[in-house]
Amino acid sequence: MFTPVKQQEPTGCGIASVANILGKTYPEMKDIANDMGIHADDQSLWSDTRYVRQMLATESIETSPTEIPFTDWGSLPDMALLAIKHHQEDGKDFWHWVVFKRVAGQPFVLDSAAYLPSNIRTDFDAMEPKWFIEVMARSH
């Protein structure tokens, strides 16, 4: 059984989401991120998509070049980074990263928030994605 990665820092959802995609632990992904100059306590992680893209690129994972507005769960690709809990502070966008996956036709969300009773979510009505980044298979 797959065990989702939980974020180990209040601001580590991007690092945890990438770890969930790459099959790494949070400490492994945090070390990789830190070596790249990406740190969980950097608030720009909450409002910039380039960090998750850079971390995925280290493992040759391609992503869509732009953020795609969310319309409905059925139109999502088989894997995507979703921006939920979107809000603005002082005119700047912030959100929480989660991973949407569809395996054998079954959709679910990996949410790294430590306070959740289960980090594998299917309560789609409770989540309100603003947009997503498609995550493609490894490039060759």
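One can find the structure itself at the top, above this paragraph.
Structural notes, computed from the coordinates.

So, on to the overall build of the protein chain. Within the protein chain, the regular secondary structure consists of 3 helices and 7 strands. For the protein chain, the α and β elements follow one another from N to C terminus as α-α-α-β-β-β-β-β-β-β. Its C-alpha atoms give the protein chain a radius of gyration of 14 Å, near enough to 14 Å, the size a compact globule of 140 residues would have. Expressed as a percentage of its 140 residues, the buried residues of the protein chain come to 47%. For the protein chain, the accessible area works out to roughly 7,400 Å², and carbon and sulfur atoms hold 50% of it. Mean positive and mean negative side-chain charge positions of the protein chain (12 and 20 charges, respectively) differ by 3 Å.

Our next topic: the packing of aromatic side chains. Under the criterion given, the structure shown has 6 aromatic pairs. With a centroid separation of 5.5 Å and an interplanar angle of 85°, the aromatic rings of Trp95 and Trp97 are classed as edge-to-face. Look at Trp95 and you get buried, because its relative accessible area is 7%. Taken together, a centroid distance of 4.8 Å and an interplanar angle of 75° make the contact between Trp95 and Trp131 edge-to-face. Within this pair, whereas Trp95 is found in strand S4 (residues 92-103), its partner Trp131 is found in strand S7 (residues 131-138), the two being separated by 36 residues in sequence. The burial state of Trp95 is the same as that of Trp131; both residues are buried. An aromatic cluster is built from Phe70, Trp73, Phe100 and Phe124, whose rings are joined through pairwise contacts.

The next point concerns the nonpolar core. Membership of the largest hydrophobic core comes to 29 residues, with the highest contact counts inside it found for Ile21, Met55, Leu56, Leu81 and Trp97. Counting only elements with at least two residues in this core, the list comes to helix H1 (13-22), helix H2 (26-35), helix H3 (50-57), strand S3 (79-89), S4, strand S5 (106-110) and S7. Considering each element in turn, this core owes the most residues, 7 residues, to H1. In this structure, Leu82, Ile84, Phe100 and Met127 belong to the second largest nonpolar core, which totals 12 residues.

In this fold, Lys101 is placed in strand S4. Residue classification places Lys101 among the buried positions, given a relative accessible area of 19%. Those residues in contact with Lys101 that sit more than four places away from it in its chain are Asp78, Met79, Gln106, Pro107, Phe108 and Leu110.

With respect to the helices and strands, the residue Thr49 is situated in the loop between H2 and H3. A polar contact is formed between the side chain of Thr49 and the side chain of Glu67, at a distance of 3.0 Å. Look past the residues within four positions of Thr49 in its chain and what remains in contact with it is Glu67, Trp95, Trp97, Trp131 and Ile133.

Before going further, it helps to spend a moment on the pattern of salt bridges. Applying the stated criterion across every chain yields a total of 7 salt bridges. Two residues, Arg50 and Asp48, come together in a salt bridge whose shortest N-O distance is 2.9 Å. Arg50 gets classed as partly exposed once you look at its relative accessible area, which sits at 43%. Relative accessible area serves as the criterion here: at 21%, Asp48 is assigned to the partly exposed category.

Reading the values: the criteria
Counting starts from 1 at the beginning of each chain's written sequence and moves along it residue by residue. The model is predicted, so local features are restricted to residues of pLDDT at least 70 and side-chain atom pairs to those at 80 or more, both for listing and for counting; the totals for chains, interfaces and linings are taken over all residues. The side-chain figures draw on all heavy atoms in the structure; neither hydrogens nor water molecules are used. Helix and strand assignments come from DSSP, with helices taken as H or I runs of at least 4 residues and strands as E runs of at least 2, each series counted from the N terminus. What the globule rule says is 2.2 Å times the number of residues to the power 0.38, and the radius of gyration is computed from C-alpha atoms. Relative accessible area decides the class of each residue, using a 1.4 Å probe on protein chains only: under 20% of the type maximum gives buried, over 50% gives exposed, and in between gives partly exposed. Surface accessibility follows the Shrake-Rupley procedure with a 1.4 Å probe radius. Residue values consider only the protein chains on display as shielding. The charge count treats Lys and Arg as positive and Asp and Glu as negative. His and the chain ends do not count. Working definition for charges: the position is that of NZ of Lys, CZ of Arg, CG of Asp or CD of Glu. When two rings of Phe, Tyr or Trp (its six-membered ring) have centres within 6.5 Å they constitute a pair, described as stacked for plane angles under 30 degrees, edge-to-face for angles over 60, and tilted for the intermediate range. For our purposes a nonpolar core is just a set of buried Ala, Val, Leu, Ile, Met, Phe, Trp, Tyr and Cys residues, chained together by side-chain atoms within 4.5 Å. Contacts are assigned to residue pairs with any non-hydrogen atoms lying within 4.5 Å of each other. Whenever a nitrogen or oxygen atom comes within 3.5 Å of another N or O atom, the pair is scored as a polar contact, on the condition that within protein one atom can donate a hydrogen and the other can accept it, and that pairs from neighbouring residues in sequence are kept only if both atoms are in side chains. For this analysis, a salt bridge means a side-chain nitrogen from Lys or Arg found within 4 Å of a carboxyl oxygen belonging to Asp or Glu.

The analysis is restricted to geometry; functional conclusions fall outside its scope.
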